[in-house]
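# Chains, contacts and geometry: an overview
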Amino acid sequence: MQFVCRLGTPEGQIIEERHQGRDERSLQSELERRGYHVFAIQRSGLLGKLSLPSFGRGLKKVPTEKFLIFNQELAALLRAGLPLLQALDMMLERMSDPHMGPVMRDIRDRVKSGENLSDAFASYGDVFPRLYASSLKAGERSGEMENVIRRFTRYLQLVSSARRKIVSALAYPSVLILLSLAMLLIMALFVIPKFTSFYQDMNAELPLITKITLGVASGLRENALLILISSAVGFFFFQQWRKTPSGAITFDRLRLKIPVVGPILHRFGLAEFGRALATLLSGGIPLVSAMEIAVAGIGNAFLRDRMHPTVEKVRQGQSFHSALEETNSVTDMAIDMIKVGEATGALDEMLNSVADFLDEQVETQTQRLLSLVEPVLLVFMGGIIGLLLISIYLPMFSVITQVQ
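Figured I'd write up the structure that's included with this text. Bear in mind that the values here come from a model prediction, so they are computed numbers and not experimental data.

What follows is about the overall build of the chain. Helix and strand content of the chain: 17 helices and 3 strands. Radius of gyration (C-alpha) of the chain: 30 Å, far over the 22 Å computed for a compact globule of 404 residues. Considered along the principal axes of its C-alpha atoms, the chain spans approximately 100 × 65 × 40 Å. Within the chain, buried positions represent 40% of all 404 residues. Of the contacts made within the chain by residues no fewer than 6 positions apart, 59% connect residues no fewer than 24 positions apart. If you sum the accessible surface of the chain, you get close to 23,000 Å²; carbon and sulfur atoms cover 59% of it. In the chain, 43 side chains carry a positive charge and 40 a negative one; their mean positions are 4 Å apart.

Rendered as structure tokens:
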């Protein structure tokens, strides 16, 4: 039986070869006896002509909180003077996470076989941020691994803090909307239909608003299963469309056009870009390479698409600030600050200042939006519920008047 094997040689190289064996376990024992370190063994079959899949494929992205703790501990161990491999071994002794543990053990084994730490992390693709592997490579070149990790940790803390503030600020309005919709759904499916039979038995003349309310409620109740299935299918196809490049760009472009909300999302995306680029530049990564990584890390697909051409323009010799200005996606204030940073040679510091300023604007505008949204939602949902109650009870008042 033939297997495709990923191996570490005694000389420290990572190779991929085909070997014959009865089964995976016996082949692994044979290869280890010959001095190889076995990273992976895959049975050759219909897919045998293909190379081994990348280790990161199919794995979930490591949660930000866990990755942040990992880097804080690694930086502390390196600062204490421990060699990298020993620091990884110590951390693995206490790592019980079922998702991150096997990944880190494989990375430790790769480093032990002679592979660079940056290459080991990069091989996992999107499981870890691309920014991290590039930062590690800069630390390996400069010999300042601890400082690079601490710089990345600071970046991760700032980005996570900004996201947590936005999510926590949106929590109350989201709960309010969900509860209001649930109340309306219960009334439409269970309460209003009871009044339909009541008014039919009375042969009462119903106002137009009552007829509309009862008709909508009856339609929802009779077609509830069809509506539920259609909504699920529509949501599935919408999600599939969003995952396509054109769909992601179109959807994110529409999000940026939402009044009040759009500018907040725009500034948050620019802050992500600026902070990532500053982290890479301060680690010694060249501007063009740093831009490629920072642009790829922008969460908004439309903004990422608009910023992508700036990489080639800067590579061809155009100044960074003028390339950004041509995108019409960066604020004038940010352009001016970046221009000063280019002229003074302190571009990384200026980009951090831009990101801090944009984060403050995002927080301020989010709080301002929520202070307006909460009372508007209360009034709107209260008005809808009040309108439903009036439409239901209005014929009853009319019947009572006729009886009297």
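For any two helices packed against each other, the geometry comes down to the angle between their axes and how far apart the axes lie. The interhelical angle for the contact between helix α11 (residues 261–282) and helix α12 (residues 287–296), taken along N-to-C directions, is 145°, at an axis separation of 9 Å. Viewed along their axes, α11 and α12 form a crossing whose handedness is right-handed. Contacts between α11 and α12 involve F273, A276, L277, L280 and L281 on the former and, on the latter, L287, A290, M291, I293, A294 and V295. Looking at side-chain class alone, the contact of α11 with α12 contains 11 nonpolar, no polar and no charged residues.

Let us now look at the packing of aromatic side chains. For the coordinates displayed, the defined rule picks out 13 aromatic pairs. Note on F152 and Y155: the rings are 5.9 Å apart at their centroids and 40° apart in plane angle, and the pair reads as tilted. Of the two residues, F152 and Y155 are both situated in helix α7 (residues 145–202); the distance of 3 residues between them amounts to about one turn of the helix. Each member of the pair F152 and Y155 is classed as buried. Ring pairs connect the aromatic residues F67, F70, F121, F128, Y132, F152 and Y155, which therefore count as one cluster.

Further remarks concern a nonpolar patch on the surface. A surface patch of nonpolar side chains, amounting to about 610 Å² of accessible area, comprises I209, L387, L389, I390, Y393, L394 and F397. With 6 residues, helix α17 (residues 347–403) is the largest single contributor of residues to the nonpolar patch. Among the secondary structure elements, L394 is positioned in helix α17.

As a further point, take the nonpolar core. Counting residues in each nonpolar core, the largest one holds 65 residues, and the members touching the most others are F67, F70, I107, F121, F128 and F320. For this core, the leading source of residues is α11, giving 8 residues. In this view, F128 contacts V62, F67, V103, M104, I107 and F121; residues no more than four positions away in its chain are not counted. M187, F195, Y199 and I392 belong to the second largest nonpolar core, which has 12 residues in total.

Looking at where H19 falls in the secondary structure, it is placed in strand β2 (residues 14–20). In this structure H19 comes out as buried when scored by relative accessible area, which is 11%. A polar side-chain atom of H19 sits 2.9 Å from a polar atom in the side chain of E17.

Note that H321 resides in helix α15 (residues 320–325). A distance of 2.8 Å separates a polar atom in the side chain of H321 from a polar atom in the side chain of E342. Those residues in contact with H321, other than ones at most four positions away along the chain, are I335, I338, K339 and E342.

Turning to helix α16 (residues 332–344), a few remarks are in order. In this model α16 runs 19 Å from its N-terminal to its C-terminal C-alpha over 13 residues, within 8% of the 18 Å that 1.5 Å per residue would give. Among the residues of α16, A334, I335, I338 and G341 are the ones counted as buried. Mapping the buried residues of α16 onto a view down its axis gives an arc of 125°, with all of them on the same face. For α16, the exposed residues set more than 90 degrees away from the buried face come down to D332, D336, A343 and T344.

Any two side chains of opposite charge can pair, so long as their charged atoms come close to each other. Going through the model one piece at a time under the given rule, you end up with 12 salt bridges. Between E146 and R150 there is a salt bridge, with its nearest N and O atoms 2.9 Å apart. Of this pair, E146 and R150 both sit in helix α7, 4 residues apart, which is roughly one turn of the helix. Two residues, E292 and R315, come together in a salt bridge whose shortest N-O distance is 2.4 Å. With a gap of 23 residues between them, E292 in helix α12 and R315 in helix α14 (residues 309–315) connect regions that are remote in the sequence. Classification of E292 by relative accessible area gives partly exposed; the value is 35%.

How each quantity is defined
- Residues numbered from 1 in each chain as written.
- Predicted model: local features only at pLDDT ≥ 70, side-chain atom pairs only at ≥ 80, totals over all residues.
- Heavy atoms only, no water.
- Helix = DSSP H or I, 4+ residues; strand = E, 2+ residues; numbered from the N terminus.
- Rg over C-alpha atoms; globule rule 2.2 N^0.38 Å.
- Buried < 20%, exposed > 50% of the residue type's maximum accessible area, 1.4 Å probe, protein only.
- Contact = heavy atoms within 4.5 Å.
- Areas by Shrake-Rupley, 256 points an atom, 1.4 Å probe, with all protein chains shown as cover.
- Lys, Arg positive; Asp, Glu negative; His and termini not counted.
- Charge placed at Lys NZ, Arg CZ, Asp CG, Glu CD.
- Axes fitted to C-alpha atoms, helices over the stretch in contact; angles between N-to-C directions.
- Left-handed = near helix turned anticlockwise from the far one by under 90°.
- Nonpolar A, V, L, I, M, F, W, Y, C, P; charged D, E, K, R; others polar.
- Phe/Tyr/Trp six-rings, centres within 6.5 Å; stacked < 30°, edge-to-face > 60°.
- Patch = residues over 30% accessible without salt bridge, like charges linked within 9 Å, V, L, I, M, F, W, Y side chains within 5 Å.
- Salt bridge = Lys/Arg side-chain N within 4 Å of Asp/Glu carboxyl O.
- Core = buried A, V, L, I, M, F, W, Y, C linked by side-chain atoms within 4.5 Å.
- Polar contact = N/O pair within 3.5 Å; in protein donor to acceptor, adjacent residues only side chain to side chain.
- Expected span 1.5 Å × (residues − 1).
- Arc of directions from axis to C-beta.

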